[in-house]
Amino acid sequence: MDSPWDEEAGPDILRESEWTKLSTEFTTTGYREGITAGKESALQQGFDVGFATVGAPIGREVGILRGMISALLASISLNGKNIPGGESTLIEARSIASQLSNVRFSEIAPRDLEAEAHTREHLEMDEDDTEIQENDELLQKRRMEGLEDMLAELSSEVRSHSSEQHKPTLEDVHMLKQRTLSLCTTMRLNICWS
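About the criteria used
Residues numbered from 1 in each chain as written. Predicted model: local features only at pLDDT ≥ 70, side-chain atom pairs only at ≥ 80, totals over all residues. Heavy atoms only, no water. UniProt positions renumbered as here; feature names shortened; annotations may be inferred. Axes fitted to C-alpha atoms, helices over the stretch in contact; angles between N-to-C directions. Helix = DSSP H or I, 4+ residues; strand = E, 2+ residues; numbered from the N terminus. Left-handed = near helix turned anticlockwise from the far one by under 90°. Contact = heavy atoms within 4.5 Å. Nonpolar A, V, L, I, M, F, W, Y, C, P; charged D, E, K, R; others polar. Parallel < 35°, antiparallel > 145°, perpendicular 65-115°, else oblique. Phe/Tyr/Trp six-rings, centres within 6.5 Å; stacked < 30°, edge-to-face > 60°. Core = buried A, V, L, I, M, F, W, Y, C linked by side-chain atoms within 4.5 Å. Buried < 20%, exposed > 50% of the residue type's maximum accessible area, 1.4 Å probe, protein only.

Per an unreviewed UniProt entry, the protein is named Protein YAE1, and its organism is Lentinula boryana. In its Sequence similarities (unreviewed entry) section, UniProt records this for the protein: "Belongs to the YAE1 family."

Orientation of helix α1 (residues 11-79) relative to helix α7 (residues 170-186), taken along the N-to-C sense of each, is 35°, at an axis distance of 10 Å. Two packed elements cross with a definite hand, and for α1 against α7 that hand is left-handed. Contacts between α1 and α7 pair Ile 58, Glu 61, Val 62, Leu 65, Met 68, Ile 69 and Leu 72 from the former with Leu 170, Val 173, His 174, Leu 176, Lys 177, Thr 180, Leu 181, Leu 183 and Cys 184 from the latter. A per-class count over the contact of α1 with α7 returns twelve nonpolar, two polar and two charged.

Quick look at the packing of α1 against helix α2 (residues 87-101) now. Contact geometry for α1 and α2: axes closest at 10 Å, N-to-C directions at 150°. Between α1 and α2, the interaxial angle falls into the category roughly antiparallel. Like other packed secondary-structure pairs, α1 and α2 cross with a definite hand, here left-handed. Across from Leu 65, Arg 66, Ile 69, Leu 73 and Ile 76 in α1, the residues of α2 making contact are Thr 89, Leu 90, Ala 93, Arg 94, Ile 96, Ala 97, Leu 100 and Ser 101.

Glancing now at the packing of aromatic side chains. Per the stated rule, a full pass over the model turns up one aromatic pair. Taking 5.9 Å as the distance between ring centres and 20° as the angle between the ring planes, the aromatic pair formed by Phe 47 and Phe 51 counts as stacked. With a gap of four residues between them, Phe 47 and Phe 51 both fall in helix α1, about one helical turn apart.

On to the environment of Thr 180, then. Structurally, the position occupied by Thr 180 is in helix α7. For the pair Thr 180 and Ile 69, spaced 111 residues apart in the sequence, the C-alpha separation amounts to 6.9 Å. Not counting residues up to four positions away in its chain, the partners in contact with Thr 180 are Leu 65, Met 68, Ile 69, Leu 72 and Ile 96.

This part covers the nonpolar core. Judged by nonpolar contacts, the single largest core of 23 residues is most densely connected at Ile 69 and Leu 100. Taken together, the elements giving at least two residues each to this core come down to α1, α2 and α7. Sorting elements by how many residues they give to this core places α1 first, with eight residues. Dropping the residues within four chain positions of it, Leu 100 is found in contact with Leu 65, Arg 66, Ile 69 and Leu 176.

Right, let's get into the side chain of Thr 89. Summarising the element assignment, Thr 89 is placed in helix α2. Residues contacting Thr 89, with those up to four places away along its chain left out, are Ile 76, Ile 83, Pro 84, Leu 183, Thr 186 and Met 187.

So, in C-alpha cells, the structure goes:
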C-alpha cells in the first residue's frame with residue numbers, strides 16, 4: 001500500500017487509510033468500554049453478594065447486640081438496686097458493653113482473598129493510581145474506626161485492658177450474644193432473637 005502522504009495517492013487510498021484508522025479507533029474504544037462495563041458489572045455483583053452474605057448479617061447482629069446491651073444498661077440505671085442479680089448483673093452488662101465497643105467489622109468479617117489478590121494485581125500493574133485509591137480507602141477505614149472508638153467511649157464506662165491485646169473474632173461476638181441473652185433471662189426480660 002502506498003503512503004497516504006504521497007502526492008500521487010488517489011482519494012481511494014486516503015479514504016481507505018481514514019477508514020482503517022477510524023475502524024481501529026472504534027474497535028479500541030469499544031474494547032475499552034466493554035472491559036470497563038464488565039469490571040463494573042462484576043464489581044457490583046461482588047458487592048451485592050458480599051453485602052448480602054457478610055456485611056449486612058454481621059453488621060445487623062453487632063448492631064442489635066449493641067442496642068440490646070445499651071437498653072439493658074438503661075434499664076439497670078432506672079431500676080437501681082432493685083434489679084434481679086444485683087450488682088453482678090450490672091458488672092456483667094458493663095463487661096459486655098465494653099467488649100462490644102472493641103468489636104470492629106474489619107476484624108470479625110472473613111478475609112476476602114479474591115479482593116486482596118485483585119488489589120495486589122493492580123498494585124503491580126499501576127502503582128501510582130492504586131496508591132491514591134488505597135490511601136483513600138485507608139483514610140475512610142481510619143475515620144470509621146475513629147467513630148467506633150468514640151462510640152466505645154460513650155457507651156462503655158468500664159474499659160477492659162485485656163481487650164486491647166486480643167482482637168475480637170466472630171466467635172467472640174456469638175459468645176457476647178449468648179451472655180446478653182443470659183443477662184436478659186436473669187433480668188426476666190422476654191426477648192426473642194434467633
